[in-house]
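# Coordinate analysis (summary)
Here are the chains, one letter per residue:
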Amino acid sequence: MACRSQIPEAGEKVKKLSGSDKVEMLFLDLSKIDSIYQFVDTLVERGIHPDITVLNAGVALPKARKTESGQEQMFFLNYFSNFILVNLLQSQKVIQRQGDPDSRQRIIFISSDSHSESSAFDFDQFGRYEDYGVSKGISYYCYYKSVLNTLAVEFSRRLNNPEEKVPVHVICPGPVHSNIIKEAPWLLRKVLGTIFSVVFRSPAVAAKPVVYMSISDDYADATGKYLHMFNPKDMDEKVYVPEEGQKLWQHSEELWKKLDAKAVTAC
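Residues numbered from 1 in each chain as written. Predicted model: local features only at pLDDT ≥ 70, side-chain atom pairs only at ≥ 80, totals over all residues. Heavy atoms only, no water.

Moving on: the overall build of the protein chain. For the protein chain, the count of helices and strands is seven helices and seven strands. Secondary structure of the protein chain in N-to-C order comes out as β-α-β-α-β-α-β-α-β-α-α-β-β-α. Burial statistics for the protein chain: of 267 residues in total, 45% are counted as buried. The long-range share in the protein chain, meaning contacts at least 24 apart out of those at least 6 apart in sequence, stands at 75%. (Helix = DSSP H or I, 4+ residues; strand = E, 2+ residues; numbered from the N terminus. Buried < 20%, exposed > 50% of the residue type's maximum accessible area, 1.4 Å probe, protein only. Contact = heavy atoms within 4.5 Å.)

Turning our eyes to something else, we now look at helix α2 (residues 33–45). Relative to the 18 Å expected for 13 residues at 1.5 Å per residue, α2 spans 18 Å between its end C-alpha atoms, a close match to the ideal helical length. Considered for burial, the residues of α2 that qualify are Ile-33, Ser-35, Ile-36, Tyr-37, Phe-39, Val-40 and Leu-43. Residues of α2 that are buried sit in contact with β1 (2–3), β2 (26–27), α3 (73–91) and α7 (242–259). Directly after α2, the chain includes Gly-47, whose backbone phi takes a positive value near 65°. (Expected span 1.5 Å × (residues − 1).)

Moving on, we get to the environment of Asn-78. Examined against the element boundaries, Asn-78 turns out to sit in helix α3. Expressed as a C-alpha distance, the spacing of Asn-78 and Ser-31, which sit 47 residues apart in the sequence, is 9.6 Å. Contacts of Asn-78, omitting those with residues within four sequence positions, involve Gly-58, Val-59, Gln-73, Tyr-141, Tyr-144 and Leu-148. A distance of 2.8 Å separates a polar atom in the side chain of Asn-78 from the backbone nitrogen of Val-59. (Polar contact = N/O pair within 3.5 Å; in protein donor to acceptor, adjacent residues only side chain to side chain.)

This brings us to the confidence of the model for the protein chain. With 90% of its residues at a pLDDT of 70 or more, the protein chain shows a mean pLDDT of 89. Within the protein chain, the element-level pLDDT minimum falls on helix α5 (residues 186–199), averaging 57, and the maximum on α2, averaging 98. (pLDDT = per-residue confidence, 0-100.)

Our next topic: the environment of Thr-265. Position of Thr-265 among the secondary structure elements: in the segment after α7. The spatial distance from the C-alpha of Thr-265 to the C-alpha of Glu-253 is 7.0 Å, given a sequence separation of twelve residues. Apart from the residues lying within four places of it in its own chain, the contact partners of Thr-265 are Phe-83, Asn-87, Trp-249, Glu-253 and Trp-256. Among the polar contacts made by the side chain of Thr-265, one reaches the side chain of Glu-253 at a distance of 2.8 Å.

This part takes up the packing of aromatic side chains. Evaluation of the coordinates by the stated rule reveals 21 aromatic pairs. Considering the side-chain rings of Phe-75 and Phe-80, the 5.6 Å spacing of their centres and the 15° angle between planes classify their relative orientation as stacked. What makes Phe-75 buried here is its relative accessible area of 4%. Overall, Phe-80 belongs to the buried group, its relative accessible area being 0%. Look at Phe-109 and Phe-155: their rings are 6.5 Å apart centre to centre, the planes differ by 20°, and that puts the pair in the stacked class. Placement of Phe-109 in strand β4 (residues 106–110) and of Phe-155 in helix α4 (residues 134–159) is noted, with a sequence separation of 46 residues between them. An identical accessibility class is assigned to Phe-109 and Phe-155; each is buried. Sitting above the plane of the Tyr-129 ring, Lys-66 keeps its charged end 5.0 Å from the centroid. A cation sits over an aromatic face here: Lys-262 above Tyr-37, 3.9 Å from the ring centre. (Phe/Tyr/Trp six-rings, centres within 6.5 Å; stacked < 30°, edge-to-face > 60°. Lys NZ or Arg CZ within 6 Å of the ring centre and 35° of its normal.)

Tracing the backbone shows Asp-29 in the loop between β2 and α2. Only 2.7 Å separates the side chain of Asp-29 from the side chain of Ser-31, close enough to count as a polar contact.

Once that is clear, we can look at the nonpolar core. Residues Tyr-79, Phe-80, Ile-107 and Phe-109 are the most contacted members of the largest nonpolar core, which totals 55 residues. Elements with a minimum of two residues in this core: α2, α3, β4, α4, β5 (168–172) and α7. With twelve residues, the top contributor of residues to this core is α3. Ignoring anything within four residues of it in the chain, the contact list for Phe-80 reads Phe-75, Ser-252, Leu-255, Trp-256 and Leu-259. Within the second largest apolar cluster, seven residues are counted, among which are Ile-110, Val-210, Tyr-219 and Leu-227. (Core = buried A, V, L, I, M, F, W, Y, C linked by side-chain atoms within 4.5 Å.)

On to the pairing of β5, then. For β5, the buried fraction is high: five of the five residues fall into the buried class. Of the two faces of β5, the one lined by Val-168, Val-170 and Cys-172 and the one lined by His-169 and Ile-171 are each fully buried. Bridging between β4 and β5 involves four bridges; their strand directions are parallel. Bridge pairing in β5 places Ile-110 opposite Ile-171. Here β5 runs beside strand β6 (residues 226–228); their pairing, made up of three bridges, is parallel. Bridging across to β6, Val-170 finds its partner in Tyr-226. (Pairing = 2+ DSSP bridges.)

Structure, rendered in structure tokens:
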């Protein structure tokens, strides 16, 4: 478990609930590029090659906030850190393309069906810091899920060919009663918390389709699939446009190299 908080409490809870002591936590702060490097370096040093990588990090903020590298935090956490992390996992051979048809290795991006409500991509604004409030924050959450899904599809294109593969999939586990609104204004947090507790699914229930997509043979040979809870469907059509995926990759690569002299994309 790669987390920036609740170490070791969250891991101990998982041990208790699962009945397994084969649970370990490593520190990872996805708002900091150095932390991403340190995490990947730890995996390399210890020879850890995960069969299944679930990219679950995400925030919904009531107002803009800068990361230490100067980007807006929701952009960095919900999208850009995934670009850096998966590229490092590939370049450092923590995750490798394989020709073995029985390989279980795969990458799962946790997203949201709200991505279909987002606007078209604004590459002129890409990576630039911009102040916003609660209402804009909600729309940005949907927007960055759309950007993330486009990245997942582009990774799927780049990491898979007739000889080698790393299946890359996207899943929306449904509306989840998590702690994602913890930084909302007090009154809004109370109102949404009440709604969430009645309408939304518990994390335990929401995790079930994620586990299914992670281990099912249905997703071992295919790539670029989308699951909404347990229902296979297509994502919004704009995330499949190859030209948009290529532009997103180019802008992401340029921004990473601007922020990090060591940046090298793996595919």
